[in-house]
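As a plain string of letters, each chain reads:
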Amino acid sequence: MMYISTRGGDERVSSAQAIAQGIAKNGGLFVPEELPEISEAEITELIGMSYPERAAYVLSKFLTDYTEQELLGYAERSYSAERFPGEGGAAPVHTLSDKISVLELFHGPTCAFKDMALQIMPHLLSGALEKTGVKGDAFILTATSGDTGKAALDGYHDVPRVRIMVFYPVYGVSRVQKLQMSTQEGENVMVCPVKGNFDDTQTGVKRIFTDPEANKYLAERGYFFSSANSINWGRLAPQIVYYVSAYCDMIASGRLKLGEQLDVSVPTGNFGDIFAAYIAKRCGLPLGRLVCASNKNRILTDFLATGTYDRNRDFYTTMSPSMDILISSNLERLLWFIAGADATRGFMESLTSGGSYTVPADTLADARRDFYGASCNEEQTAECIRSTYEKYGYLIDPHTAVGLYCAETYIGEEKPQNKLLCVSTASPYKFASNVYPALTGKKLDDEFECIDETARLTGVTPPAPLSELRSKTVRFDPDKYSMPEEMLDCVKRFADK
Ligand SMILES: *Cc1c(COP(=O)(O)O)cnc(C)c1O
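Residues numbered from 1 in each chain as written. Predicted model: local features only at pLDDT ≥ 70, side-chain atom pairs only at ≥ 80, totals over all residues. Heavy atoms only, no water.

K.L.:
Would you mind showing me how to read empty space enclosed by the protein here?
P.N.:
Tallied over the entire structure, the rule returns three cavities of 30 Å³ or more. Each pocket or cavity is described by its volume, and for the largest cavity that value is around 300 Å³. Around the largest cavity sit 29 residues that line it, and Phe113, Lys114, Gly269, Asn270 and Ser322 are the ones nearest its centre. Counting residues per element, the ones that place at least two in the lining of the largest cavity are helix H7 (147-156), helix H11 (233-252), strand E10 (262-267) and helix H12 (272-282). The biggest single contributor to the lining of the largest cavity is H12, with three residues. Across the lining of the largest cavity, the residue classes tally to eleven nonpolar, 14 polar and four charged. (1 Å grid on protein atoms, 1.4 Å probe; cavity = no way out; pocket = protein on both sides within 12 Å on 5 of 7 lines; lining within 4 Å. Points joined across faces, edges and corners; volume = space filled by probe spheres on them. Helix = DSSP H or I, 4+ residues; strand = E, 2+ residues; numbered from the N terminus. Nonpolar A, V, L, I, M, F, W, Y, C, P; charged D, E, K, R; others polar.)

Here it is in structure tokens:
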């Protein structure tokens, strides 16, 4: 299967090349030229398999220049019980009520769903470098609103032929997240705080990627740029797996009948997670409506309501910081699927020049057939954390609360027949400084005290990687930040090391 750019042109690359390269030469994102099928017979077969086997099976449909045996090897290492110690495998489904189930994607080493892709991505990249015969080493540059950075650092540290550099904004990243990144071990890693918000950081990274001078500077030192952000197809493909896996698990437990449609609600930022659900659906997995759940930064909610995507608006930092985003990069892939390359190129040019674009009515109607947009403000998020714990004894993080709140909005308004699967994207303990006040109405100054008090209150054990943070050495000082315009200098300094 070959991959092409969302912005057209004649670049056409293999899956390994798409993964090694990250982004298309004309600035577009790689998309598969055609989609594989996932049939009911295959779903039946997948039910009897473990998560790594399911992953190898599904990934082999998209990553055709890897053998299924290779993929299975990667998946077994990435989704081992050691790395995902929760009960029920790497991506267990928790039944909340008659109508709603929760897909828990936070049992990995960094306690957020990014691990689902970023544990396997380094293997995919190493394989890609070998297969494509690329000379030189990958220099991974990543902008993070919190969770990606740590998950990428954990996945890539000490991987041969790879260097990884993570930029995070000083505004909107929690103390635990900062500590997770600044204590990262490994000889090939660099972590840089940037004085700005996530969009400043992401824009800076995108500019460096396409800057000819920066590319030349790296090439002269034996490196080429690669990305770990969800714009890389190697990030997206592994996310398709857990929707298939959840569907299989729900059949196995009798919650669903084969062929029965399942609605999905996804707390959304960069539109990567929910876009993977869309791909799974297009391949034939019986998914119904996809609820695109936003926090107070409701740019996608407004887009799905009006057809206008407009980033000229106030930016809010919220208690669900991984969704504080004004440019949802993967939306570009959806636009390509429903409006084609020429239109997509136009939208993106308009976004770059004026900060907004408007899609034609038929494109919007297409998007709305599959997606339902809803948003949840800060008070509603806190209230959802509290009421979910009171009603079901189930502890959720603020991102998951946004997903669940929007799911309830959808169910209330559309009265769907289908059952719904809400994606849970982070451990509540990763955001305890907001979870604890939401549960009790009380504030505590120290984030670790919030973890301890929440554990005492609920009896839910905090994940080991978070508890262990307290005793780790800080390697990258969170107070030594750079300005956005200094990011290129940071890259050069790390390349010279
Ligand atoms: C990254 C992230 C999201 C948003 O996922 P996208 O793929 O960017 O839409 C939601 N919740 C958490 C905890 C995350 O880390």
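From this point on, the discussion continues.
K.L.:
Can you help me understand the packing of H7 against helix H8 (residues 175-182) in this one?
P.N.:
In a pair of packed helices, the angle between the axes and the distance between the axes together describe the arrangement. Contact geometry of H7 with H8 gives a least axis separation of 9 Å together with a crossing angle of 25°. On the basis of the axis angle, H7 is roughly parallel to H8. Here H7 and H8 pass one another in a crossing that is left-handed. Counted together, Asp147, Gly149, Lys150 and Leu153 of H7 and Gln177, Gln180 and Met181 of H8 form the full contact between these two elements. For the contact of H7 with H8, the residue count by class is two nonpolar, three polar and two charged. (Axes fitted to C-alpha atoms, helices over the stretch in contact; angles between N-to-C directions. Parallel < 35°, antiparallel > 145°, perpendicular 65-115°, else oblique. Left-handed = near helix turned anticlockwise from the far one by under 90°. Contact = heavy atoms within 4.5 Å.)

K.L.:
How should I be thinking about the site of the ligand in this particular structure?
P.N.:
Surveying the vicinity of the ligand reveals 15 residues, the closest of which are Lys114, Asp147, Gly269, Asn270 and Thr425. The contact in question runs from an oxygen atom of the ligand to an N or O atom on the side chain of Asp147, over 2.5 Å. Here an oxygen atom of the ligand sits 2.8 Å away from a polar atom, N or O, in the main chain of Gly269. Protein coverage of the free-state accessible area of the ligand, which is 380 Å², stands at 98%. Assessed atom by atom at 2 Å from the grid points, the ligand resides in the largest cavity. (Near = heavy atom within 4 Å. Polar contact = N/O pair within 3.5 Å; in protein donor to acceptor, adjacent residues only side chain to side chain. Areas by Shrake-Rupley, 256 points an atom, 1.4 Å probe, with all protein chains shown as cover. Sits in = over half its atoms within 2 Å of the grid points.)

K.L.:
Where do I start with the packing of helix H17 (residues 378-392) against helix H19 (residues 432-440) in this structure?
P.N.:
Between H17 and H19, whose axes approach to 8 Å, the crossing angle comes to 65°. The angle between H17 and H19 places the two elements in the roughly perpendicular class. When you trace H17 past H19, the crossing you get is right-handed. Where H17 abuts H19, its residues Ala382, Ile385, Arg386 and Tyr389 lie against Val435, Ala438 and Leu439. Within the contact of H17 with H19, the residues separate by chemical class into six nonpolar, no polar and one charged.

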